[in-house]
Amino acid sequence: MFSEDIVIDKEFEQLIPPLTEEEYKGLEASILAEGCRDPLVTWHVLGEILIDGHNRYKICTKHNIPFTTVRKDFASRDEALLWIMRNQLSRRNLSDIQRVELVRKCEDAVKSQAKKRQISGLVHQEDTVVENLPQREETERIGTKSRDELGAMAGVSGKTYEHATDVLDNASTPVVNAVRNKELSINSAYEVTKLPQEEQAEITERIEQGENPKKVVSEIKKRGKTRKVKSQNDIQDKDTETEIETHSEKYNVISLNLGTDYSHATLAKLPVKKLAEEDCALFLWCRYDMLQDVFKSPIWEKWGFEYKTVAFLLMKSDMERELCILATRGNFVLNDSSLPKVIDNISGKEFKDFIQELVGDIQVFELS
């Protein structure tokens, strides 16, 4: 086949993850030395549309090197897109974020094909009467794909897939490129997108100047945590006094975050005994790396509570975890005793809902 017979479809071409400069030169040297050994894949519809082999085609055309082609038949454009995606995922040494990019470009095609398969399944059921069709709510979900399913296609977890799309949408180009080049993890880049704008700008500038992305991000995050801890310590005593003054009643459920800088002496000043009913549950949040200090001198014992179990394990990120310790006094009984529960990163309101499931219709007093 001649070069002029080949049609380049821009969408198909842009779906192919670009080769690095070294990879491209290596492929060019191989073709110059041995010719184009593998046939190009085309789809015969309104011309011979190139499906696979865009880099080989470019090199062969540039150097006037002959090549062969093989045709594949596709029922639709979506089917062709999905074939390209699967073909690339199966043979390219791509980084995780590049795999996510590839799957993401095909999300509409994935959903469309899933919808067609489900509708086809309904049509071919033996009893195809109206009463057996899905309800409207179920029909609206036909063709959708969850983040977990899309993540599985890309070879990552659903949470990583979601974080990667956030990075692609919101991170600066230098940060995204650092992830593509495996100089920065997806989760680290995701955390960068949640930093203040001035800190994101500093990270971008320093990466552009050639600094190590991982070290830059680590330094700025550490600086931010130090500033936050100092600010919290400055107002902690005043806030605690005000909170207790405005809450003189007693509670059956108390939630307490031990903070980022565990201090037994500071916590001992809290009038938890005065706030707690005789039958009471105490939920205490602490970082995983604080456990040794927390259990060395259990503060709950000073308040008349007895350790029961770990209620929740909160996965804030792959490297950052928090635990919620449950201690009780009196005869407090939980509605749900299937503990511990593992949960993803959630907001304070959502966590309160989790506690409510355990304790029932009881007011939860949050002590900070």
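Everything in this summary refers to the structure shown in the same document. Being a predicted model, the structure only gives us computed values, none of them experimental.

### Topic: the pairing of strand β6 (residues 276-287)
Then, in step 1: Both strand β5 (residues 251-257) and β6 contribute to a ladder of six bridges, which runs parallel. Residue pairing across strands places Asn 257 opposite Trp 285, the latter belonging to β6.
Then, in step 2: Alignment of β6 against strand β8 (residues 321-329), held across eight bridges, turns out to be antiparallel. Counted as the bridge partner of Trp 285 is Cys 324 from β8.

### Quick look at the pattern of salt bridges
Then, in step 1: All chains considered together, the criterion is met by 17 salt bridges.
Then, in step 2: Ionic pairing is found between Glu 11 and Arg 77, a salt bridge with its closest N-O pair at 3.0 Å. Here Arg 77 lies in helix α4 (residues 77-91) and Glu 11 lies in helix α1 (residues 10-15), a separation of 66 residues in the sequence.
Then, in step 3: Arg 77 gets classed as partly exposed once you look at its relative accessible area, which sits at 33%.
Then, in step 4: In this structure, Glu 191 and Lys 221 form a salt bridge, with 2.2 Å as the shortest nitrogen-oxygen distance.

### Regarding the sheet that holds strand β3 (residues 48-52)
Then, in step 1: Sheet architecture is open: four strands sit in the order β1-β3-β2-β4, paired in mixed fashion. Two strands close off the open sheet at either side, each with one partner strand: β1 (6-7) and β4 (69-71).
Then, in step 2: Sheet topology note: the β1/β3 ladder contains two bridges and is parallel. Its bridge partner being in β3, Val 7 is matched across the sheet by Ile 49.
Then, in step 3: Helix α3 (residues 54-63) contacts β1, β2 (40-44) and β3 of the sheet and is inclined by roughly 120° relative to β3.
Then, in step 4: Set on the sheet, α4 makes contact with β2 and β3; between it and β3 the angle comes to about 30°.

### Here's the deal with the nonpolar core
Then, in step 1: Core analysis: the biggest nonpolar cluster contains 43 residues, and Phe 12, Ile 51 and Ile 203 have the highest contact counts within it.
Then, in step 2: Among the elements that line this core, the one with the most residues is α4, at six residues.
Then, in step 3: Apart from residues lying up to four places away in sequence, Ile 203 is in contact with Val 175, Val 192, Leu 195, Val 216, Val 217 and Ile 220.

### Remarks on the packing of α4 against helix α5 (residues 96-105)
Relative placement of two packed helices is described by the angle separating their axes and the distance separating the axes.
Then, in step 1: Across the interface, α4 lies against α5 with an axial gap of 9 Å and an inter-helix angle of 170°. It follows from the interaxial angle that α4 and α5 lie roughly antiparallel. Mapping the contact onto sequence places Met 85, Gln 88 and Leu 89 in α4 and Arg 99, Leu 102 and Val 103 in α5.
Then, in step 2: When its residues are assigned to classes, the contact of α4 with α5 shows four nonpolar, one polar and one charged.

### Let's talk about the sheet that holds strand β10 (residues 364-367)
Then, in step 1: Pairing in this open sheet of six strands is mixed, and the strands run β9-β7-β8-β6-β5-β10 from one edge to the other. For this open sheet the edge positions go to β9 (341-344) and β10, each flanked by a neighbour on one side alone. For this sheet, the mean inter-axis angle between neighbouring strands, taken without regard to orientation, is 25°.
Then, in step 2: Direction of pairing for strand β7 (residues 306-315) relative to β9: parallel, over a ladder of four bridges. Paired with Leu 314 across the strands is Ile 343, a residue of β9.

### Considerations on the packing of aromatic side chains
Then, in step 1: Inspection of every chain in the model, using the stated rule, returns eight aromatic pairs.
Then, in step 2: Geometrically, the ring pair formed by Tyr 57 and Phe 67 is edge-to-face, given 5.9 Å between the ring centres and 80° between the ring planes. Of the two residues, Tyr 57 is situated in helix α3 and Phe 67 in the loop between α3 and β4; the sequence distance between them amounts to 10 residues. Neither Tyr 57 nor Phe 67 differs from the other in exposure class; each is buried.
Then, in step 3: Ring plane angle 80° and centroid distance 5.3 Å describe the contact between Phe 295 and Tyr 307, whose orientation is recorded as edge-to-face. You can see Phe 295 sitting in helix α16 (residues 291-296) and its partner Tyr 307 sitting in strand β7, a full 12 residues away along the chain.
Then, in step 4: Accessibility expressed as a relative area gives 35% for Phe 295, which makes it partly exposed.
Then, in step 5: With relative accessibility at 33%, the residue Tyr 307 sits in the partly exposed group.
Then, in step 6: Grouped by ring-pair contacts, the aromatic residues Trp 43, Phe 74 and Trp 83 constitute a single cluster.
Then, in step 7: Lying across the ring of Phe 12, Arg 77 places its NZ or CZ 4.5 Å from the centre.

Scoring rules and cut-offs
- Residues numbered from 1 in each chain as written.
- Predicted model: local features only at pLDDT ≥ 70, side-chain atom pairs only at ≥ 80, totals over all residues.
- Heavy atoms only, no water.
- Pairing = 2+ DSSP bridges.
- Helix = DSSP H or I, 4+ residues; strand = E, 2+ residues; numbered from the N terminus.
- Salt bridge = Lys/Arg side-chain N within 4 Å of Asp/Glu carboxyl O.
- Buried < 20%, exposed > 50% of the residue type's maximum accessible area, 1.4 Å probe, protein only.
- Contact = heavy atoms within 4.5 Å.
- Axes fitted to C-alpha atoms, helices over the stretch in contact; angles between N-to-C directions.
- Core = buried A, V, L, I, M, F, W, Y, C linked by side-chain atoms within 4.5 Å.
- Parallel < 35°, antiparallel > 145°, perpendicular 65-115°, else oblique.
- Nonpolar A, V, L, I, M, F, W, Y, C, P; charged D, E, K, R; others polar.
- Phe/Tyr/Trp six-rings, centres within 6.5 Å; stacked < 30°, edge-to-face > 60°.
- Lys NZ or Arg CZ within 6 Å of the ring centre and 35° of its normal.

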